[in-house]
Amino acid sequence: MQRAGSTEDAVTPWPAFRVAGWRGFYLLFLVALLLVQNVGRMVIFFAFFRETRFSAFLHGMILAAILLGIAAIVACLPVRRHGRAIAAPAAALLLGTAHAVSTVFDASQYAMHHYAAMHAPVWLAITDPGLVLALLGSIDVGRWTGFATLAALLALHIALYVPVAPHLAAMARALFAASIPIAPRRRISAMWPVTLYLILLLLLMRFAPGSQWRLEPFHAGLTPAFQMAPSELRYSRPKRDAAPARIMPLAHPRPLILIVVDALRRERMGVYDPTLDTTPFLRELKRRGTLHILPAPYATCTFSACGIMSVLTSRSWDNFGKSPETVPDVLSGYGYRNYLILGGNHSSFAMLMSYYAQHTSLSRDQPTTSQPDDRFVLGVLRDTTFPDPRHSFLYLHLMSAHMGAFVEPPFRPGAPLQSGPAAATRDPAFVRQYDGRVRQSDDMLRRVFALLDSKGLLKNALVVITADHGERLGEQGRYYHGGPPDQSAISIPILVYDASGAAYPDHKLVSQIDIAPTFLRAVGGAPGIGWRGHALQDQARVDAIPLGTVETTGIIAALPGGPYKYLCGRETGREDIRRIDGTAEGSSIAIGLATTGLLPRLRALHRAVAGPINGKCHH
């Protein structure tokens, strides 16, 4: 082999290419490192993401295409120009960068799956980098620390290839200078097989089944693999504004106000845990007797899209259908004006705004590029007039508790307020951040109530404060929300402020789907078509409430010895039964003799509450 500094025209024939000495062993080390990393990725994806042999084949073709592409670029570069090496540094830079991106991809996939029970971190970083930075900050990894770590990883990977960079450049040039015999006196350049290979890959990308590409690791990382709501709901035709055909009178109309605090988990609220001082305003309302605390409410799922729609439509994952009737839809028929003032972006995020209401007097949310900030909600509410408060429905969406939202200085991290038997399983840094967000949410509610009062909306009003889903705080090493419905991700508050003094009996089980019927019961209206919840004013006993995500379908059931959580994996049909206590996930109960009487009852309740389930969970 010729050393660096040789003329550009001297090319070592590919069959005679050799690298002697320690550099030869170092090249073997790099090859082994790449093989171990890529084979390890495939093993992990086979284990966790149901990859197939064909998707693994596609993955191998992509890796080969990346290496061939880098080799082609390096082979086209001159060895030296104006006395400076060109091809060798380019080889180290391109290979090191590609290897660093692969390493970061692997680490982020593993971390996201381990800590949040989800994957698709690359997609998340591309679509919402602010959220990724907020998630890192919530576990005390600052923005600059994250950037410095990425820079160090990039430098380390490039440094790996520097010692053999001239040899790598020579290998690339030798590869593309080689010729392949196809007949006794005919040879073709190696460039042609490489070109045909890349064409074949493009054809596969065009015609191979999309289901297989979604299982290929790189594509899985670029696909929003977690589904925020059922496909039938997400892909149904958006509604258009249209006035109700006929206005029906109500005997006692009154202001109806829904406040959803995104990602608010009840166990970190002082009104649920007296040892915490995170909700002084709500605690004061409770002390006055104007706020009723529902003891153990649950979300139906772990994402905003399905959670908000469960609140508005009194349905859950398995029975949303297409364009279900919402609270604003029904109230429009009674002459109500609907006002939607929403922190965060709801127009672009899963096109949520288009599902909320057919007819609104005001619909405002934040631009896609702006940081979620509840001061936006306060500003719009302050500027909004309500000509007829008695016929007004107001939906406010607050983001203070959600990672990535703006936090005012007084509510930034202080000492963590750990409490309860699960405190030892939580991450103190994450809890410290989250408790500050809960304090700010409480203060935002204080300011909202002051504005409502100033506008005459609190007089005889019914206000329901809830959340779309809960939040993991490090239990079992998991954070954030989304994915399967574990207790911490579905634990939410439901608080009722009723100026009329109506009674709200305590129920063993309460769900988001009970909020919409509560509003209609309060004004004497009829519930919407297909609503499945029960008004919170009712004394009726509820035996089960629904749960549903793209991975699982199930219920929480109030049976003797319980409550129990029953889940069934949609793709596997595997059933899981656990006894639950608040946000504590009990151990899985072995399905066998011990559940002879329990399992049939849970299955029957599941059919009744979730609706007909097709596939492997149809028992």
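Everything below is about the structure shown above.
Given the structure is predicted, the values throughout are model-derived calculations rather than measurements. (Residues numbered from 1 in each chain as written. Predicted model: local features only at pLDDT ≥ 70, side-chain atom pairs only at ≥ 80, totals over all residues. Heavy atoms only, no water.)

Caption draft 1: Molecular detail of the overall build of the protein chain. When you go through the protein chain residue by residue, the secondary structure sums to 20 helices and 20 strands. A buried classification covers 53% of the 619 residues belonging to the protein chain. Of the contacts made within the protein chain by residues no fewer than 6 positions apart, 71% connect residues no fewer than 24 positions apart. Carbon and sulfur atoms provide 62% of the accessible area of the protein chain, an area that totals close to 28100 Å². (Helix = DSSP H or I, 4+ residues; strand = E, 2+ residues; numbered from the N terminus. Buried < 20%, exposed > 50% of the residue type's maximum accessible area, 1.4 Å probe, protein only. Contact = heavy atoms within 4.5 Å. Areas by Shrake-Rupley, 256 points an atom, 1.4 Å probe, with all protein chains shown as cover.)

Caption draft 2: Structural detail: the nonpolar core. Counting 104 residues, the largest nonpolar core has Ile259, Leu282, Tyr356, Leu394 and Phe519 as the members making the most contacts within it. With near-sequence residues (within four places) excluded, Phe519 lies in contact with Leu256, Ile257, Leu258, Val327, Phe393, Leu462 and Val464. Counting 21 residues, the second-largest nonpolar core is a separate cluster that includes Leu30, Tyr161, Val164 and Phe176. (Core = buried A, V, L, I, M, F, W, Y, C linked by side-chain atoms within 4.5 Å.)

Caption draft 3: Representation of the packing of aromatic side chains in the model. The tally for this structure, following the rule as stated, stands at 9 aromatic pairs. On the basis of an interplanar angle of 35° and a centroid distance of 6.2 Å, the ring pair of Phe54 and Phe57 is categorised as tilted. Of this pair, Phe54 and Phe57 both sit in helix 2 (residues 53–76), separated by 3 residues, roughly a single helical turn. Where Phe449 meets Tyr497, the ring centres are 5.3 Å apart and the plane angle is 90°; that geometry is what we call edge-to-face. (Phe/Tyr/Trp six-rings, centres within 6.5 Å; stacked < 30°, edge-to-face > 60°.)

Caption draft 4: Here's a closer look at the packing of helix 2 against helix 7 (residues 165–177). Helix 7 packs onto helix 2 with a crossing angle of 95° between their chain directions and a minimal axis gap of 8 Å. Considered as vectors, helix 2 and helix 7 are oriented roughly perpendicular to each other. Here Leu68, Ala71, Ala72, Val74 and Ala75 of helix 2 lie close against helix 7, whose contacting residues are Ala169, Ala172, Arg173, Leu175 and Phe176. Here the contact of helix 2 with helix 7 is built from residues that sort into 9 nonpolar, no polar and 1 charged. (Axes fitted to C-alpha atoms, helices over the stretch in contact; angles between N-to-C directions. Parallel < 35°, antiparallel > 145°, perpendicular 65-115°, else oblique. Nonpolar A, V, L, I, M, F, W, Y, C, P; charged D, E, K, R; others polar.)

Caption draft 5: Representation of the pattern of salt bridges in the model. Counted by the stated rule, this structure contains 18 salt bridges. Where Asp538 meets Arg521, a salt bridge forms, and the shortest distance between an N and an O atom there is 2.4 Å. Of the two residues, Asp538 sits in the loop between helix 19 (515–523) and strand 16 (544–548) while Arg521 sits in helix 19, which places them 17 residues apart along the sequence. The exposure class of Arg521 is partly exposed, given its relative accessible area of 44%. Put simply, Arg603 and Glu575 hold a salt bridge, and the shortest N to O gap is 2.7 Å. Residue Arg603 is located in helix 20 (residues 598–610), and its partner Glu575 is located in strand 19 (residues 575–581); the two are separated by 28 residues in the primary sequence. One network of salt bridges, in which partners are shared, links Arg265, Arg266, Glu267 and Glu475. (Salt bridge = Lys/Arg side-chain N within 4 Å of Asp/Glu carboxyl O.)

Caption draft 6: Representation of the sheet that holds strand 6 (residues 291–293). Reading across from one edge, 6-14-11-5-10-8-9 is the order of the 7 strands in this open sheet, with mixed pairing throughout. Each edge of the open sheet carries a strand with a single partner, namely strand 6 and strand 9 (362–365). Strand-to-strand twist of the sheet, defined as the mean angle between neighbouring strand axes without regard to direction, takes the value 15°. Of the pairings in the sheet, the one linking strand 8 (residues 337–342) to strand 10 (residues 392–398) comprises 6 bridges and is parallel in character. Each bridged residue has a counterpart across the sheet, and for Leu342 the counterpart in strand 10 is His397. (Pairing = 2+ DSSP bridges.)

Caption draft 7: Representation of the state of the cysteines in the model. Considering all chains together, one arrives at 2 disulfides under this definition. Taken N- to C-terminal, the disulfide-bonded cysteines of the protein chain are connected 1-2, 3-4. (Disulfide = S-S within 2.5 Å.)

Caption draft 8: Summary view of the environment of Met191. Considering the arrangement of structural elements, one finds Met191 in helix 8 (residues 191–207). A C-alpha to C-alpha distance of 8.6 Å links Met191 and Ala72, two positions 119 residues apart in sequence.

Caption draft 9: The packing of helix 16 (residues 374–383) against helix 17 (residues 428–454), seen in detail. Here helix 16 crosses helix 17 at 5°, and the two axes come no closer than 10 Å. Classed by the angle they form, the pair helix 16 and helix 17 counts as roughly parallel. Residue-level inspection shows Asp374, Arg375, Leu378, Leu381 and Arg382 of helix 16 in contact with helix 17, the latter providing Met444, Arg447, Val448, Leu451 and Leu452. Of the residues in the contact of helix 16 with helix 17, the class split is 6 nonpolar, no polar and 4 charged.

Caption draft 10: Expanded view of the pairing of strand 4 (residues 186–189). Inspection of the sheet shows strand 3 (residues 179–183) paired to strand 4 by 4 bridges, in the antiparallel sense. Its bridge partner lying in strand 4, Ile180 is registered against Ile188.

Caption draft 11: Just the environment of Cys301, in detail. Within the secondary structure layout, Cys301 lies in the loop between strand 7 (297–298) and helix 13 (304–313). Residues Cys301 and Ile490, 189 residues apart in the sequence, show an inter-C-alpha distance of 6.3 Å. The residues touching Cys301, leaving out its near neighbours within four places in the chain, are Cys306, Gly307, Asp468, His469, Ala489, Ile490 and Gly548.

Caption draft 12: Up close: helix 13. Counting buried positions over the 10 residues of helix 13 gives 10, a clear majority of the element. Within helix 13, burial applies to Ser304, Ala305, Cys306, Gly307, Ile308, Met309, Ser310, Val311, Leu312 and Thr313. Positioned one or two residues after helix 13, Ser314 has a phi angle of 55°, which is positive.

Caption draft 13: The arrangement of the side chain of Thr326 in detail. Here Thr326 shows up in the loop between helix 13 and helix 14 (327–332). Its relative accessible area of 0% is what places Thr326 among the buried residues.

Caption draft 14: Representation of a nonpolar patch on the surface in the model. A cluster of nonpolar side chains, Val31, Leu35, Val39 and Val43, forms an exposed patch at the surface whose accessible area comes to about 360 Å². Since its relative accessible area comes to 52%, Val43 is described here as exposed. (Patch = residues over 30% accessible without salt bridge, like charges linked within 9 Å, V, L, I, M, F, W, Y side chains within 5 Å.)

Caption draft 15: Structural detail: unusual backbone geometry. At the junction of Gly562 and Pro563, the peptide bond is cis and its omega measures out at 10° in the coordinates. Its location among the elements puts Pro563 in the loop between strand 17 (552–557) and strand 18 (564–569). With a phi close to 55°, His82 is a non-glycine residue in the positive phi region. By secondary structure assignment, the location of His82 is in the loop between strand 1 (80–81) and strand 2 (84–85). By relative accessible area, His82 is classed as exposed at 79%.

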